[in-house]
Amino acid sequence: MPRKKYIIANWKMNLSLAQTLSLAKKFKEKFKGFKQAEIAVCPSTLVLADTAKILRHSGIALGAQNVFWQEAGAYTGEVSPAMLSEAGCGYVILGHSERRKYLLENYEIINKKVRAVIKNGELIPIVCIGESSEERKTDRRDFVLVEQLEQAFSGVEIFGNQRIIIAYEPIWAIGTGTAIEPAEAEYAHKIIKLALNDIVGMRLVSQNFNVVYGGSINSKNVKSFADLENMDGLLVGGASLNADEFFKVAKEITK
Ligand code: PGA
């Protein structure tokens, strides 16, 4: 039996609160009875708790787009892993390239977040990695992917059946409308798994880790990704802002 795939919608900061709730309702309607994959939506932090109410008993999971690494205290503006879990989240995106770029999240920050989420144990981290177009052109991709993984998981202890998702998101393919060639994604996913074997060990990689692809996936190009051996799902931005389109993506990848 093929492994269940993860299909995760990253709504970023695209929607108003009202638009988010309306889209969540459409998702609930659309995915009624859909059991072929794990579906999760990641709206803005501000509207997580209300979205959780809408998604109750829908089978659709909730994820946050960011978290802080401390459990509680004087950290103005921040939100802890426990708070996300209390709001109904099962997932959290970490180290997205947009946060690395605009919020200057560096290796140390991302590593602290990975540690905090795994220590808390209630959330599945979706750790984003990926090379820039410059790094790809200069043949540094493999090195960059390995380094990002080494830094993110440095000193991280993984317990029991903690699930961890790595999202391979080539920066040059995000939001451009042009996804990577499937063969290139497959190659990168293999590199990721080999690197993880060295970092955390083969047993954990096969039992606890999944690798998903993200970057300009839509209902048209998704077909060619369906059979990739080392791909366990998708992280979808633009195409997840429309329930019909996202549903088509989910149907195609689970055919
Ligand atoms: P995109 O975004 O599908 O719009 O390229 C993916 C992401 O950034 O997670």
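This one's a predicted model, so the numbers in the text were calculated from it and none came from an experiment.

**Some details on the pattern of salt bridges**
Enumeration according to the criterion identifies 14 salt bridges in this entry. In this structure, Lys 113 engages Glu 105 in a salt bridge whose closest nitrogen and oxygen atoms are separated by 2.7 Å. The same class applies to Lys 113 and to Glu 105, which are both buried. As a salt-bridge pair, Lys 112 and Glu 108 come within 3.4 Å of each other at their nearest N and O atoms. Note that Lys 112 and Glu 108 are positioned in helix H5 (residues 107–120) at a spacing of four residues, about one turn of the helix.

**Description of unusual backbone geometry**
Positive phi is not limited to glycine here, since His 57 has a value of about 60°. Relative to the assigned elements, His 57 resides in the loop between helix H2 (48–55) and strand S3 (60–64). Of note in this structure, Ser 216 is not a glycine but carries a positive phi near 60°. With respect to the element layout, Ser 216 can be found in the loop between strand S7 (209–214) and strand S8 (233–236).

**Re the state of the cysteines**
Summed over all chains, the structure comprises zero disulfides. Cysteine Cys 42 shares no disulfide, and the gap to the nearest cysteine sulfur, in Cys 89, comes to 7.8 Å. Residue Cys 89 is classed as buried on the basis of its relative accessible area of 6%.

**Remarks on the sheet that holds strand S5 (residues 124–129)**
Pairing is parallel in the closed barrel, where eight strands are placed in the order S1-S2-S3-S4-S5-S6-S7-S8. With strand direction ignored, the average angle separating the axes of adjacent strands in the sheet is 25°. With two bridges connecting them, S3 and strand S4 (residues 91–94) associate as parallel partners. Within the sheet, the bridge partner assigned to Gly 63 lies in S4 and is Tyr 91. Together, S5, strand S6 (164–168) and S7 form the strand contacts of helix H8 (residues 182–200), whose direction differs from that of S7 by roughly 150°. Where helix H10 (residues 243–253) meets the sheet, its contacts fall on strand S1 (5–10), strand S2 (37–42) and S8, and the angle it forms with S1 comes to roughly 165°.

**Remarks on the site of the ligand**
Around the ligand lies a shell formed by Asn 10, Lys 12, His 96, Glu 169, Ile 174, Gly 175, Gly 215, Ser 216, Leu 235, Val 236, Gly 237 and Gly 238. One of the side-chain nitrogen or oxygen atoms of His 96 is found 2.7 Å away from an oxygen atom of the ligand. Between Gly 238 and the ligand, the recorded distance is 2.8 Å, taken from a backbone N or O atom to an oxygen atom. Protein burial of the ligand: of its 280 Å² of free accessible surface, 95% is covered by the chains. Split into classes, the residues belonging to the shell around the ligand amount to three nonpolar, seven polar and two charged.

The rules we used
- Residues numbered from 1 in each chain as written.
- Predicted model: local features only at pLDDT ≥ 70, side-chain atom pairs only at ≥ 80, totals over all residues.
- Heavy atoms only, no water.
- Salt bridge = Lys/Arg side-chain N within 4 Å of Asp/Glu carboxyl O.
- Buried < 20%, exposed > 50% of the residue type's maximum accessible area, 1.4 Å probe, protein only.
- Helix = DSSP H or I, 4+ residues; strand = E, 2+ residues; numbered from the N terminus.
- Disulfide = S-S within 2.5 Å.
- Pairing = 2+ DSSP bridges.
- Axes fitted to C-alpha atoms, helices over the stretch in contact; angles between N-to-C directions.
- Contact = heavy atoms within 4.5 Å.
- Near = heavy atom within 4 Å.
- Polar contact = N/O pair within 3.5 Å; in protein donor to acceptor, adjacent residues only side chain to side chain.
- Areas by Shrake-Rupley, 256 points an atom, 1.4 Å probe, with all protein chains shown as cover.
- Nonpolar A, V, L, I, M, F, W, Y, C, P; charged D, E, K, R; others polar.

Distances and angles like these do not, on their own, reveal function.
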